[in-house]
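Fold and contact review
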Amino acid sequence: MRWGLGRNHYAVTPGLYAVGTPSAESPVLVSANYKLSFDILRREVAKLDVWVLVIDTKGINVWCAAGKGTFGTDEITSRVMATKLSEVVSHKELIVPQLGAPGIAAHEVKKGCGFKVTYGPVRAEDLPAFLSAGKQATTDMRRVTFSTLERFILTPVEITILWKKILWAMLVLFLLGGIGPDIFSLTTAWSRGGNAIVVGFAGVIAGAVITPTLLPWLPGKAFALKGAVTGAAVSLLALIGFSGQLGFGNALATLLALTAVSSFIAMNFTGSSTYTSPTGVELEMRQAIPLQLAALLVAGVAFIWAGF
Amino acid sequence: MVEHRYLEGVVTLEYDEPTCIGCGMCAIVCPHAVFIMDGKKAAITDRDRCMECGACAKNCPVEAISVDAGVGCASAIIYSWLTGEEPSCDCASGGC
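Here the residue numbers are simple positions, counted from 1 along each chain's written sequence. For this description, chains carry letters from A and ligands carry numbers from 1, given in the order in which they are written. In keeping with the model being predicted, local features are shown solely for residues with a pLDDT of at least 70 and side-chain atom pairs are shown and tallied solely at 80 or more, while totals for entire chains, interfaces and linings include all residues.

1. Things to note about the overall build of chain B
Looking only at helices and strands, one finds three helices and four strands in chain B. Numbering of helices and strands starts at the N terminus; helices are DSSP runs of H or I of at least 4 residues and strands are runs of E of at least 2. Starting at the N terminus, the α and β elements of chain B follow one another as β-α-β-β-α-β-α. Exposure classes come from backbone-placed C-beta atoms, where a residue is buried if 20 or more other C-beta atoms lie within 10 Å of its own, exposed if 12 or fewer do, and partly exposed in between. When each of the 96 residues of chain B is scored for burial, the buried share is 43%. For the purpose of contact definition, each residue receives a C-beta atom placed from its backbone, and two residues are in contact when these atoms lie within 7 Å. Look at the contacts in chain B between residues 6 or more apart in sequence, and 40% of them connect residues 24 or more apart.

Here you go:
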């Protein structure tokens, strides 16, 4: 699910839900209708008596939906009205996950439906502590983290997003691999194209798995640079492993292609990260993409040249 | 915990202190503690930690904060370059 398989159709019906046996005084927690988020919320507050107001975010999680505005002021306001929340509870307070804040204007929700928005902690696991502390969040509860485990869990995402492009790239490499003195040979397509596909996969692993996992320890700040460093390191290890059996053209192609692929894919991981700014991402892309394309082009030429 | 640092001096976050009424909302919503409350006014502690999510600007009742918030995913940005539309999470397979 988290990996993006069938994630687009994984929604909970919007509305008001009860956890335990809530009364008119019980707190109201607002949730997106992405089933994974909703299930985590339900699990974390299982021992409490609370209301959960599920709003329609088209099955998207709070953070992404807030960025788009579907987890937004209008949706909360109209859902409060539709569920007649003011007849169910005696208070006028909604507890909204902090990461919903980019989509919500608390003062406008208050104006729209009379309910005051109180921002809860970033993580649902902190909700019981937050509620028992009189709805006070500690500094840690308000901070977004991006630990090694959190990064590692996300690594398959890029691969599942990219798999179609990976298949196309495999076909291109296979065809390029067959070009040689005989114009095109199926035998060399298998051997040379196959080797090139292995190099491509190594680039994907370097950019999509190794770079995100080692992120804070890799040099540089731009993800494209971090990915390039990983890719270059992996390709140098491979070249040392083959100790000169590849020939100059193939060796150059391996080094450049693996570095470029790793750099590009690592750059895509900015979308999964919790601390990159869109302005910064666009800046690094403007600088990195021409270099990545140039490296790929030279790698392609060197690879074809090595076939003759 | 290791603190992640991204590119420096690039974010579009702007804060106009005289307008601030000291409600403290920005300090609550910021996921990277860019804002803190310094007496009756909000203050920026570390601008380069900002990821331009826009939560502070959206929740500031007096519009003392502005930031060019958007989708920071590379494939969304490539898609917007190609189509001329705003970057959006919809371009890939719905993931951000």
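After that view of the structure, there is still more to cover.
2. Concerning the environment of Leu-29 of chain A
All names here are of chain A. The topology assignment puts Leu-29 in strand β2 (residues 28-31). In sequence terms Leu-29 and Leu-291 are 262 residues apart; their C-alpha atoms lie 48 Å from each other. Every residue in contact with Leu-29, bar those within four places of it in the chain, is listed here: Leu-41, Val-45, Val-50, Trp-51, Val-52 and Ile-95.

3. Observations concerning the nonpolar core
Only buried Ala, Val, Leu, Ile, Met, Phe, Trp, Tyr and Cys residues enter a nonpolar core, and they are joined through C-beta atoms within 7 Å. Counting residues in hydrophobic clusters, the biggest one holds 65 residues, and the most contacted among them are Leu-29 and Ile-104 of chain A together with Cys-26 and Cys-56 of chain B. With 41 residues, the next largest nonpolar core counts Ala-206, Ala-208, Leu-255 and Met-285 of chain A among its residues.

4. Here's the deal with the sheet that holds strand β1 (residues 15-19) of chain A
All names here are of chain A. One open sheet accounts for five strands, arranged β1-β3-β2-β4-β5; its pairing is mixed. The open sheet is flanked by β1 and β5 (116-120), the only strands paired with a single partner. Neighbour-to-neighbour, the strand axes of the sheet open up by a mean angle of 30 degrees, direction not taken into account. The pairing criterion for strands is at least two bridges between them, as found by DSSP. Bridge count for β2 against strand β3 (residues 50-54) is four bridges, and the pairing is parallel. Each bridged residue has a counterpart across the sheet, and for Leu-29 the counterpart in β3 is Val-52. Each of β1, β2 and β3 touches helix α1 (residues 35-44); the most contacted strand, β2, lies at about 155 degrees to it. Between the N-to-C directions of two axes lies an angle of 0 to 180 degrees, each axis being a line fitted to C-alpha atoms and, for a helix, fitted only over the stretch in contact.

5. Digging into the interface of chain B and chain A
The partner chain A presents 42 residues to the 41 residues of chain B that form the contact. Of all the elements in the fold, those that place two or more residues in the side of chain B that touches chain A are α1 (25-29), α2 (55-59) and α3 (74-83) of chain B. Take the side of chain B that touches chain A: its biggest share by element is four residues, from α3 of chain B.

6. Some words on unusual backbone geometry
Peptide bonds are mostly trans, and most non-glycine residues show a negative phi. If you check the backbone angles, Ile-183 of chain A has positive phi at about 70 degrees while not being a glycine. By the C-beta count within 10 Å, which is 7 here, Ile-183 of chain A ends up exposed. Residue Glu-52 of chain B is not a glycine yet carries a positive backbone phi of 60 degrees. Within the secondary structure layout, Glu-52 of chain B lies in the loop between β3 (41-44) and α2. On the basis of neighbour count, Glu-52 of chain B is assigned to the buried category, with 23 C-beta atoms found within 10 Å.

7. Focus on the environment of Ala-294 of chain A
Residue and element names in this part refer to chain A. Along the chain, Ala-294 falls in helix α12 (residues 278-306). For Ala-294, a count of 12 C-beta atoms within 10 Å gives the class exposed. Measuring from C-alpha to C-alpha, the distance between Ala-294 and Ala-257 comes to 9.9 Å, with 37 residues separating the pair along the chain.

8. Focus on the packing of helix α9 (residues 186-214) of chain A against helix α11 (residues 248-268) of chain A
Residue and element names in this part refer to chain A. At a minimum axis distance of 8 Å, the contact between α9 and α11 shows a crossing angle of 35 degrees. As for how α9 packs across α11, the hand of that crossing is right-handed. For the pair α9 and α11, the contacting residues are Val-199, Gly-200, Ala-202, Gly-203, Val-204, Ala-206, Gly-207, Ala-208 and Thr-211 in the first and Thr-254, Ala-257, Leu-258, Val-261, Ser-262, Ser-263, Phe-264, Ile-265 and Ala-266 in the second. Three categories are distinguished: nonpolar for Ala, Val, Leu, Ile, Met, Phe, Trp, Tyr, Cys and Pro, charged for Asp, Glu, Lys and Arg, and polar for the others, with Gly belonging to the last. Class assignment for the residues of the contact of α9 with α11 results in eleven nonpolar, seven polar and no charged. Crossing handedness: left-handed means the near helix sits turned counterclockwise from the far one by under a right angle, and right-handed means the same turn made clockwise.

9. Remarks on α9 of chain A
Expected span, for any helix, means 1.5 Å times one less than how many residues it has. Across its 29 residues, α9 of chain A extends 39 Å between first and last C-alpha, which sits within 8% of the 42 Å expected from 1.5 Å per residue. Bend angle per residue: angle between axes fitted to the 7 residues ending at that residue and the 7 residues starting there. Its maximal kink placed at Ala-206 of chain A, α9 of chain A deviates by approximately 35 degrees.

10. Things to note about the pairing of β5 of chain A
All names here are of chain A. Pairing between strand β4 (residues 93-97) and β5: five bridges, direction parallel. Counterpart to Leu-94 in the pairing with β5 is Val-117. As a crossover connection, the stretch from β4 through helix α5 (residues 106-113) into β5 is right-handed. Viewed with both strands pointing away, a crossover whose connecting path from the first strand over the helix to the second turns clockwise is right-handed.

11. Brief notes about the pairing of β3 of chain A
Residues and elements named next belong to chain A. Of all five residues in β3, five are buried; the element is thus mostly enclosed. Alternating residues of β3 divide into Val-50, Val-52 and Val-54 and Trp-51 and Leu-53, and every residue in both groups is buried. Here β1 runs beside β3; their pairing, made up of five bridges, is antiparallel. Within the sheet, the bridge partner assigned to Ala-18 lies in β3 and is Trp-51.

12. What about the packing of α9 of chain A against helix α10 (residues 223-242) of chain A?
All names here are of chain A. Contact geometry for α9 and α10: axes closest at 9 Å, N-to-C directions at 130 degrees. The pairing of α9 with α10 is recorded here as oblique in orientation. Crossing geometry of α9 relative to α10 is assigned as right-handed. Contact residues: Ala-202, Gly-203, Ala-206, Gly-207, Ile-210 and Thr-211 in α9; Lys-226, Gly-227, Thr-230, Gly-231, Val-234 and Ala-238 in α10. Of the residues belonging to the contact of α9 with α10, the class tally is five nonpolar, six polar and one charged. Comment on the angle field: the value is read as roughly parallel under 35 degrees, roughly antiparallel over 145, roughly perpendicular from 65 to 115, and oblique elsewhere.

13. Quick notes on helix α3 (residues 73-82) of chain A
All names here are of chain A. All buried positions along α3 are accounted for by Thr-73, Glu-75, Ile-76, Thr-77, Arg-79 and Val-80. Taken together, the buried residues of α3 touch β2, β3, α4 (85-88) and α5. Of the residues one or two after α3, Lys-84 is the one with positive phi, at around 50 degrees.

Read these as layout, nothing more, since geometry by itself doesn't imply function.
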